[in-house]
Amino acid sequence: MKTCLIVDDSRVIRKVARQIFESIGYACTEAEDGKVALDACKTVLPQFVLLDWNMPVMNGLEFLRALRQLPGGDKPSVVFCTTENDLNHIQEALGAGANEYIMKPFDADIIRGKLEQLGLLD
Amino acid sequence: MKQEDFDLLSTLVRQRSGLVLTPEKAYLLESRLFPVARKHNMKSLEDLAQALRARRDETLMFDITEAMTTNESFFFRDQKPFTLFQKTILPQMLAARAAKKHLRIWSAAASSGQEAYSLAMVCAEEAAKLQGWKIDIIGTDLSREMVNRAKAGIYSQFEVQRGLPVTYLVKYFTQIAGDKWQIKDNIRQMVQYREANLLADFGPIGSFDIVYCRNVLIYFDLPTKGKVLNAIGNIMTPDGFLLLGGAETVLGVCDRFKPMPGEHGLYCLSAAYPQGVKAVG
Ligand SMILES: C[S@@+](CC[C@H](N)C(=O)[O-])C[C@H]1O[C@@H](n2cnc3c(N)ncnc32)[C@H](O)[C@@H]1O
């Protein structure tokens, strides 16, 4: 089963995202900030990470940079999912190794479309 | 809605756009035509029907037809038709037109422009191979409102996230307001949009090497599908390609075209490509 780590400080968003990912056959784990997510990744790397930007303790960008340094940390597809919707943020995210970028609000179609582009939907 | 009003309005729409409205779709007529009635200072669909019986008001008939079109579209819709364009159709056509270095592409129900701009972006990606080439991309639609939207090339945050890879957003769009993005001039200038009805004589539109006619035939009845496909066949180059939407086919509709084996949604004229075409690279 494909695995997805959902990183967002909002419990509501995690729940919505989880429902979407489970409906397309992903096993999901959740993290409420970048630090928790990074610890999880040190134990086992997911195939896919849905990543919020602004979070307490460690933000999404810091998490992503740290993830890409881990052994095998270049493998997971990371898609930002954030209210930050300006070109600068998008470019910064891509520069740090994000594979895709979703500007909130999102819906199931947008997530499915991005997964399809990344070849992660079947 | 009264049966005779439904009949009058649905017949008008069908004659003008090809759209088939069955009686179960009466609610669609009501919800979409109510704003048209209001715009023309009428209170109800009954008044609208009455006005049409009294006088064949061209503007009113145009507005009704336009209001009944379904304009949903997104960038790189279904992906496959655009991968096919990049990997198979374009290389094949570059070889076939090497002497002329001129290609003409038609997005035949262009709606708000995403299909034609997607093709233009692929051409921009392939710019190195297209040095010295002239590529015409024409987008047409029955809806004036959609043609104007397509020309403006301005899309909501929601629209630029449906199907469009973020790298293309960064490369080919400018953010003009927090949640509005506009396609860049270099891409916009590659496409010409104009109003045209697929049911009418295409006029001096010229001939096309590649035709995308996607997600519009589904609304038509069988004879109309056949008529439109036949008309498209008339303006295609003998080795040209036709792409239809996921729920559309030529089979049992028009024998001038045949499906390309193994490539869902891709068609060529029946006499062309006895050996088929191969993906390159
Ligand atoms: C669902 S959209 C398809 C857009 C695009 N081709 C795609 O696949 O995403 C259908 C479009 O066909 C247009 N249309 C409907 N009937 C037409 C006709 N008779 N002639 C030209 N365009 C028509 C509508 O205005 C609408 O914009």
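Just so we're clear, the structure is a prediction, and the values are computed from it rather than from any experiment. (Residues numbered from 1 in each chain as written. Chains lettered and ligands numbered in written order. Predicted model: local features only at pLDDT ≥ 70, side-chain atom pairs only at ≥ 80, totals over all residues. Heavy atoms only, no water.)

### Side note on the interface of chain A and chain B
Okay, so step 1: Contacts between chain A and chain B engage 18 residues on the former and 17 residues on the latter.
Okay, so step 2: Overall, the association of chain A and chain B removes approximately 1500 Å² of surface from exposure, summing both partners, and the carbon and sulfur fraction of that is 55%.
Okay, so step 3: Linking chain A to chain B there are one salt bridge.
Okay, so step 4: Here Arg162 of chain B ties to Asp109 of chain A by a salt bridge, and the two come within 3.5 Å at their closest N and O atoms.
Okay, so step 5: Seen at the junction of chain A and chain B, the total is 10 residue pairs in polar contact (both at pLDDT 80 or more).
Okay, so step 6: Per-element accounting of the side of chain A that touches chain B gives the leading share, five residues, to helix 5 (residues 108-117) of chain A.
Okay, so step 7: Considered class by class, the residues forming the side of chain A that touches chain B number eight nonpolar, three polar and seven charged. (Contact = heavy atoms within 4.5 Å. Buried area = accessible area lost by both parts, 1.4 Å probe. Salt bridge = Lys/Arg side-chain N within 4 Å of Asp/Glu carboxyl O. Polar contact = N/O pair within 3.5 Å; in protein donor to acceptor, adjacent residues only side chain to side chain. Helix = DSSP H or I, 4+ residues; strand = E, 2+ residues; numbered from the N terminus. Nonpolar A, V, L, I, M, F, W, Y, C, P; charged D, E, K, R; others polar.)

### A closer look at the site of the ligand
Residue and element names in this part refer to chain B.
Okay, so step 1: Around the ligand, a shell composed of 22 residues is seen, among which Ser73, Arg77, Ala109, Asp141 and Asn215 lie nearest.
Okay, so step 2: In this structure, Arg77 approaches the ligand through a side-chain N or O atom, which is 2.7 Å from an oxygen atom.
Okay, so step 3: Burial of the ligand by the surrounding chains reaches 98%, relative to a free accessible area of 600 Å².
Okay, so step 4: Residues of the shell around the ligand, tallied by class, amount to eight nonpolar, nine polar and five charged. (Near = heavy atom within 4 Å. Areas by Shrake-Rupley, 256 points an atom, 1.4 Å probe, with all protein chains shown as cover.)

### With respect to the packing of aromatic side chains
Okay, so step 1: By the definition in use, this model includes 17 aromatic pairs over all chains.
Okay, so step 2: Ring centres of Phe21 of chain A and Tyr26 of chain A lie 5.5 Å apart, and the angle between their planes is 85 degrees; this geometry places the pair in the edge-to-face category.
Okay, so step 3: A relative accessible area of 2% places Tyr26 of chain A in the buried class.
Okay, so step 4: Aromatic side chains Phe82 of chain B and Tyr212 of chain B sit 5.7 Å apart centroid to centroid with 25 degrees between the ring planes, which places their arrangement in the stacked category. (Phe/Tyr/Trp six-rings, centres within 6.5 Å; stacked < 30°, edge-to-face > 60°. Buried < 20%, exposed > 50% of the residue type's maximum accessible area, 1.4 Å probe, protein only.)

### Description of the domain arrangement of chain B
Residue and element names in this part refer to chain B.
Okay, so step 1: Per the domain assignment, the segments of chain B are domain 1 (3-68) and domain 2 (80-272).
Okay, so step 2: On a C-alpha basis, the centres of domain 1 and domain 2 stand 30 Å from each other.
Okay, so step 3: Facing 10 residues of domain 1, the contacting portion of domain 2 comprises 11 residues.
Okay, so step 4: Taken over both partners, the interface formed by domain 1 and domain 2 buries close to 780 Å², and the fraction arising from carbon and sulfur atoms is 57%.
Okay, so step 5: Three residues, Ser17, Phe62 and Glu66, lead the burial of domain 1 against domain 2; their summed loss comes to 49% of the area buried on that side.
Okay, so step 6: Along the contact surface separating domain 1 from domain 2 lie one salt bridge.
Okay, so step 7: Residues Arg14 and Asp221 are paired through a salt bridge, measuring 2.8 Å at the closest nitrogen-oxygen approach.
Okay, so step 8: Along the contact surface separating domain 1 from domain 2 lie six residue pairs in polar contact (both at pLDDT 80 or more). (Domains from an automatic or database assignment.)

### Overview of the pairing of strand 2 (residues 26-31) of chain A
Residue and element names in this part refer to chain A.
Okay, so step 1: Here strand 1 (residues 2-7) pairs with strand 2 via six bridges, running parallel. Note on strand 2: the bridge partner recorded for Leu5 is Thr29.
Okay, so step 2: Following the backbone out of strand 1, through helix 1 (residues 11-23) and into the adjacent parallel strand 2, one traces a crossover that is right-handed. (Pairing = 2+ DSSP bridges. Right-handed = clockwise from strand over helix to strand, strands pointing away.)

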